[in-house]
Amino acid sequence: MKRTFAVTLFFCLCAHIHARALRSPHSASMSVTARPEAGRPFIRNYNPREFGAAFNYWAIAQDQRGVMYFGNWNGVLEYDGVSWRLVSTPNRSGVRSLAVDANGRIYVGAVGDLGYLAPDSVGELRFVSLVDHVQPENREFNEVWYSYATSQGVYFRTDKILLRWANNRMQAWKPHTAFSGLFVVRDRVYIQQWGIGLLELVGDSLHVTHAGGRFAHERIYAMLPHVDEKILVGTREQGLLLYDGVSFQTLQSDPAATKFLRENQLSHGAVLRDDTFALATMRGGVAIIDQNARLVKILDKAAGLQDHDANFVFVDREGVIWLAQGRGIARVETDSPLAIYGETSGIKDFVSSILRYKGALYVATGLGVFYLPAESTPTNSSLLAQRERAQEFRPVAGITAQCWYLLTAGQSLLAATNDGVYQIRGEQATFLKESVADSFFSMSLHRSQKNPSRVWVGLRDGLASLRYEAATSKWIDVGRISGIHEPIWSIVENNEGELWLGTEAQGVLWISSLPGNHSATLRNENQKIERFDARHGLPKGWVGVYPTRTRTIFTSDRGLFRFDRTTNKFFPDSTFGSMFADGSRDIEVVSEDQQGNIWLGSEEAAEINRALRQPEGSYLPETGSALRLAKTAIWAIYSELDSAHPRTSSAVWFGGPEGLLRYDVNFPKRETQVYPALIRRVIILQEGAQDSTIFAGAMPENTGGDFPILAYAHHALHFEFALPSFSDESANQFQFYLEGFDQNWSAWSKASKK
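Residues numbered from 1 in each chain as written. Predicted model: local features only at pLDDT ≥ 70, side-chain atom pairs only at ≥ 80, totals over all residues. Heavy atoms only, no water.

**Student:** Now, about the overall build of the protein chain: what can you tell me, with residues and values included?
**Tutor:** A tally of regular secondary structure across the protein chain gives three helices and 64 strands. By residue count, 56% of the 754 residues in the protein chain fall in the buried class. Excluding contacts between residues fewer than 6 apart, the proportion of contacts in the protein chain whose partners are at least 24 apart in sequence is 52%. Entry remark: accessible area of the protein chain is about 32600 Å², with carbon and sulfur atoms responsible for 49%. (Helix = DSSP H or I, 4+ residues; strand = E, 2+ residues; numbered from the N terminus. Buried < 20%, exposed > 50% of the residue type's maximum accessible area, 1.4 Å probe, protein only. Contact = heavy atoms within 4.5 Å. Areas by Shrake-Rupley, 256 points an atom, 1.4 Å probe, with all protein chains shown as cover.)

Below you can see the structure in the form of structure tokens.
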């Protein structure tokens with residue numbers, strides 16, 4: 001009896017698809033302004049060396065499944081979030097343009113060829129040429145620089161000919177001179193002809209647009225839909241113009257935008273989700289402008305791009321910008337509440353502490369203390385210059401040592417460093433207590449609640465105190481606490497004046513209320529010091545202490561812990577979520593914001609989490625947040641939320657070994673999109689014979705969606721799968737169940753093969 005079985009494979013996917021802004025399609029971009037503290041967007045550069053492809057990219061498209069396509073020197077590069085595949089043309093030419101029609105078919109403009117991608121009998125995408133459908137006398141062409149899919153058909157433009165593929169028929173239009181540009185705005189087709197100007201295709205005839213003759217000798221690089229049925233027209237010489245169907249009016253852009261576009265050679269443009277415009281250039285990256293042509297942001301090499309040029313700009317289904325560049329591909333998250341500050345912003349080492357003081361933002365780093373000046377409202381004429389200056393951190397003079405902690409105490413800003421404790425005034429720092437021969441190597445600071453004139457100083461080998469003397473306006477070195485020799489990385493004081501001290505590997509210390517004297521050694525006979533470690537329920541290794549409104553939180557490499565005074569024991573703390581108490585992740589730092597929410601940062605897990613305080617006092621871990629995008633180690637959290645001033649005080653800052661992050665909590669959220677996993681390849685494994693691919697990722701045409709029936713002998717199968725979600729491809733997880741073979745669903749895993 002011949003035995004066969006049908007294979008049915010179900011995938012359930014847990015992918016980190018981040019919530020982003022949800023904005024009305026008609027939102028007023030007039031309100032979009034450049035923010036000096038907006039930082040740099042998240043940029044992912046894809047270098048061809050990573051995936052073994054050619055350099056020079058000219059076109060980008062995305063199909064209905066979310067798979068990305070890139071036109072490069074060797075053909076069409078397909079990327080699904082896991083693997084890269086090259087689809088070559090018959091003559092192995094470069095691909096200059098791509099388009100996607102309403103059915104999801106990818107059309108390709110190459111060099112001397114044009115066509116589309118279609119799956120073969122097993123679902124492998126192949127290039128299908130349409131050259132044979134072009135009249136023989138029209139086949140002599142080179143680059144197909146533009147391809148557009150419209151309701152009338154698919155257009156391909158070369159210098160010598162305009163072609164339209166519709167109803168299995170190729171129609172052609174020839175210029176009297178040469179064609180340039182091709183644009184589709186609101187399904188209307190525009191094209192330039194040298195010596196004549198801008199034309200519109202009406203029916204089957206090309207007509208010069210009203211006032212289109214002004215472009216007889218100047219090339220148009222972008223035509224984009226504007227408000228009130230107008231069209232934004234981008235040129236290099238005439239600048240930006242608005243076309244209302246009758247005339248072209250120069251758009252009075254701010255001088256910064258005009259100067260940038262003129263100097264950097266406009267090359268392409270796209271409309272972003274918030275109705276702003278991304279204008280690509282050949283020399284300066286991408287300028288983002290609002291509808292009044294005010295410069296909002298510049299994406300260039302200083303912002304993190306791998307090159308200065310941008311040949312093509314594309315906006316994907318999530319509103320994210322992709323750039324085709326000479327050196328590769330870039331994905332830019334401009335529509336995100338997260339922004340970064342790194343070396344290009346003046347942050348050249350780790351960030352261990354963050355603090356706002358007199359309007360400026362100060363950060364403690366491995367190279368000293370740096371500050372971002374207080375925000376000012378830049379004028380249009382100086383926006384371009386102020387853009388770089390406003391977002392660049394400047395060093396505080398006088399500190400070159402590693403700095404670990406910043407603290408405000410009254411009118412003073414203090415910094416704990418390897419060289420001792422400094423006081424900072426504006427751009428200058430001076431010693432309060434110098435560390436002679438490492439005698440005052442300072443790592444943490446804490447202002448006393450019981451005695452606000454006192455500041456506790458955590459040292460590499462103990463605990464000391466400084467006191468502010470109002471009469472002389474000076475800080476006095478009070479001395480050390482005797483009996484303490486551990487390195488003190490964190491300090492918490494409760495309302496009774498009792499201290500908890502966190503150490504590097506020696507557990508935690510508890511100190512009873514300390515005296516108010518000012519002797520060189522702070523110690524009296526009633527003072528009590530207790531030490532807690534693994535014998536009391538704490539994990540081995542680093543343990544930190546952090547305050548909340550109700551109690552002290554203990555952080556560790558095994559998550560959060562709480563202290564039970566009745567048993568003098570520590571227990572895992574699931575108050576903010578079981579995931580923070582099950583030992584699955586480290587928690588490096590905890591911070592409570594002004595709204596009572598708890599922010600948690602991890603170093604080894606490289607993640608940020610937030611537990612939202614509920615009305616009855618419980619906490620709910622936040623899900624679907626853009627915080628998942630920030631896959632970086634966190635050492636410091638600083639919240640400056642102010643419900644009375646939500647527009648100006650809505651940031652939470654994060655520091656760590658990779659620099660500084662800013663999260664805007666008021667950034668409107670978008671509903672989380674859930675995308676299905678894709679089966680990308682199925683292979684029959686045959687012992688002693690060559691393996692056989694029976695499915696290669698795209699459903700073959702004319703199959704009706706039916707899957708093949710396999711002989712029972714072919715029961716050894718290999719599956720490959722992917723998720724076209726690109727915020728953090730490495731974090732995507734998969735779960736699978738093979739009906740008739742598996743008993744249960746598999747565990748979640750990042751593995752994309754079975």
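**Student:** Tell me about the sheet that holds strand β44 (residues 488-493), residues and numbers included.
**Tutor:** Spatially, β44-β45-β46-β48 is the arrangement adopted by the four strands of the open sheet, whose pairing is antiparallel. Looking at the sheet topology across the chains shown, the edges are occupied by β44 and β48 (529-532). Ignoring strand direction, the axes of neighbouring strands in this sheet form an average angle of 20 degrees. Examined bridge by bridge, strand β45 (residues 499-503) and strand β46 (residues 508-511) share four bridges and lie antiparallel to one another. Residue pairing for β46: G502 is matched across the bridge by V508. (Pairing = 2+ DSSP bridges. Axes fitted to C-alpha atoms, helices over the stretch in contact; angles between N-to-C directions.)

**Student:** Help me get a handle on the nonpolar core, residues and values and all.
**Tutor:** Counting 30 residues, the largest nonpolar core has I354, Y362, V369, F393, L406, I424 and L660 as its most contacted members. Breaking this core down by element, the ones donating at least two residues are β32 (351-357), β33 (360-365), β34 (368-372), β36 (403-409), β37 (412-417), β38 (420-425), β57 (636-641) and β58 (650-656). Here this core gets five residues from one element, more than from any other, and that element is β33. Setting aside residues no more than four positions away along its own chain, Y362 makes contact with S353, I354, L355, Y357, V369, F370, Y371, V396, L406, L413, I424 and G426. Listed in part, the 26 residues of the second largest apolar core include F42, L338, Y619 and F654. (Core = buried A, V, L, I, M, F, W, Y, C linked by side-chain atoms within 4.5 Å.)

**Student:** I'd like to hear about the packing of aromatic side chains, residue by residue, with values.
**Tutor:** Applying the stated criterion to the full structure yields 39 aromatic pairs. Pairing F51 with W84 gives two aromatic rings, centres 3.8 Å apart and planes at 15 degrees, and the pair type is stacked. One end of the pair, F51, is in helix α1 (residues 48-51); the other, W84, is in strand β7 (residues 84-87), and 33 residues separate them in sequence. One aromatic cluster is present, formed by Y46, F51, F70, Y79, W84, W322 and F726 through successive ring pairs. Positioned above the aromatic ring of W58 is the side chain of R96, whose terminal nitrogen or guanidinium carbon lies 4.0 Å from the ring centre. Against the face of F441 rests R460, its NZ or CZ located 4.3 Å from the ring centre. (Phe/Tyr/Trp six-rings, centres within 6.5 Å; stacked < 30°, edge-to-face > 60°. Lys NZ or Arg CZ within 6 Å of the ring centre and 35° of its normal.)

**Student:** I'd love a proper account of the pairing of β38, names of residues and values included.
**Tutor:** Moving residue by residue along a regular strand, the side chains alternate between the two faces of the sheet. Counting buried positions over the six residues of β38 gives five, a clear majority of the element. The pairing of β37 with β38 spans five bridges and is antiparallel. Of the residues in β38, the one forming a bridge with L414 is Q423. From the end of β37 to the start of β38, which pair antiparallel, there are two residues. Bridge count between β38 and strand β39 (residues 428-434): six bridges; the pairing is antiparallel. Across the sheet, the residue bridging to Y422 is F431, located in β39. The loop that links β38 with its antiparallel partner β39 comprises two residues; one of these, G426, has a positive phi angle of about 65 degrees.

**Student:** Quick rundown of the environment of A581? Include the residues and the values.
**Tutor:** Locating A581 in the fold gives a position in the loop between β52 (569-572) and β53 (589-592). Here the alpha-carbon distance between A581 and G559, two residues 22 residues apart in the chain, equals 5.2 Å. For A581, the residues in contact, after removing those within four places along its chain, are L560, P572, D573 and S574.

**Student:** Summarise the pairing of strand β26 (residues 286-289); cite the residues concerned and give the values.
**Tutor:** Alternating residues of β26 divide into V286 and I288 and A287 and I289, and every residue in both groups is buried. Pairing geometry for strand β25 (residues 277-281) and β26, over four bridges, is antiparallel. Looking at β26, one finds that L279 is bridged to A287. The hairpin formed by β25 and β26 contains four residues between the paired strands, and G285 there has a positive phi angle of roughly 80 degrees. By the bridge criterion, four bridges tie β26 to strand β27 (residues 295-299) in an arrangement that is antiparallel. Pairing of I289 across the sheet is with L295, part of β27.

**Student:** Before we move on, could you go through the sheet that holds strand β17 (residues 188-193) and cite the residues and values that matter?
**Tutor:** Pairing between the strands of a sheet comes from backbone hydrogen bonds, and it takes one of two forms, parallel or antiparallel. The four strands lie next to each other as β16-β17-β18-β19, forming an open sheet whose pairing is antiparallel. At either margin of the open sheet sits one strand with a lone partner, and together these are β16 (179-185) and β19 (205-208). Taking each pair of neighbouring strands and ignoring which way they run, the sheet shows an average axis angle of 30 degrees. Direction of pairing for β17 relative to strand β18 (residues 197-202): antiparallel, over a ladder of five bridges. When the bridges of β18 are listed, Y190 appears paired with E200.

**Student:** With reference to specific residues and values, describe the pattern of salt bridges.
**Tutor:** Tallying each qualifying case throughout the model produces 31 salt bridges. The partner of D533 in a salt bridge is R535, with the nearest N and O atoms 2.9 Å apart. Across the pair R585 and E607 runs a salt bridge whose closest N-O atoms are separated by 2.4 Å. Here E607 lies in the loop between β54 (598-601) and β55 (608-613) and R585 lies in the loop between β52 and β53, a separation of 22 residues in the sequence. Note on R585: relative accessible area 16%, which makes it buried. Each of D63, R65, E78, D80 and R680 takes part in a single network of salt bridges with overlapping partners. (Salt bridge = Lys/Arg side-chain N within 4 Å of Asp/Glu carboxyl O.)

**Student:** Tell me about the side chain of S448, residues and numbers included.
**Tutor:** For S448, the position within the fold is in the loop between β40 (442-447) and β41 (454-459). We classify S448 as buried; its relative accessible area is 5%. A polar contact is formed between the side chain of S448 and the side chain of E493, at a distance of 3.0 Å. Residues in contact with S448, not counting those within four places in the same chain, are R454, W456 and E493. (Polar contact = N/O pair within 3.5 Å; in protein donor to acceptor, adjacent residues only side chain to side chain.)

**Student:** Requested: an account of the confidence of the model for the protein chain, with residues and values cited.
**Tutor:** Residues of the protein chain with pLDDT of at least 70 account for 87%, and the chain-wide mean is 87. Low pLDDT (under 50) marks residues 377-390, which in the prediction has 22 contacts with non-local residues, meaning those over four places away or in another chain. Note on residues 517-521: pLDDT is under 50 here. Beyond four places in sequence and across chains, it has 13 contacts. (pLDDT = per-residue confidence, 0-100.)

**Student:** With reference to specific residues and values, describe the environment of N74.
**Tutor:** Here N74 lies in the loop between β5 (68-72) and β6 (75-79). N74 sits 36 residues away from A110 along the chain, and the two C-alpha atoms are 9.8 Å apart. Setting aside its immediate chain neighbours within four residues, N74 contacts A54, L86, S88, S93 and G94.

**Student:** Outline unusual backbone geometry, supporting the account with residue identities and numerical values.
**Tutor:** In this structure, N168 is a non-glycine residue whose phi angle is positive, near 60 degrees. For A606, which is not a glycine, the phi torsion comes out positive at approximately 50 degrees. Secondary-structure assignment places A606 in the loop between β54 and β55. Looking at A606, the relative accessible area reads 18%, which means it is buried.

**Student:** I'd like to hear about helix α2 (residues 255-264), residue by residue, with values.
**Tutor:** The complete set of buried residues in α2 reads A256, A257, F260, L261 and N264. What you see down the axis of α2 is that its buried residues fit within an arc of 120 degrees, all on one side. Positioned one or two residues after α2, Q265 has a phi angle of 65 degrees, which is positive. (Arc of directions from axis to C-beta.)

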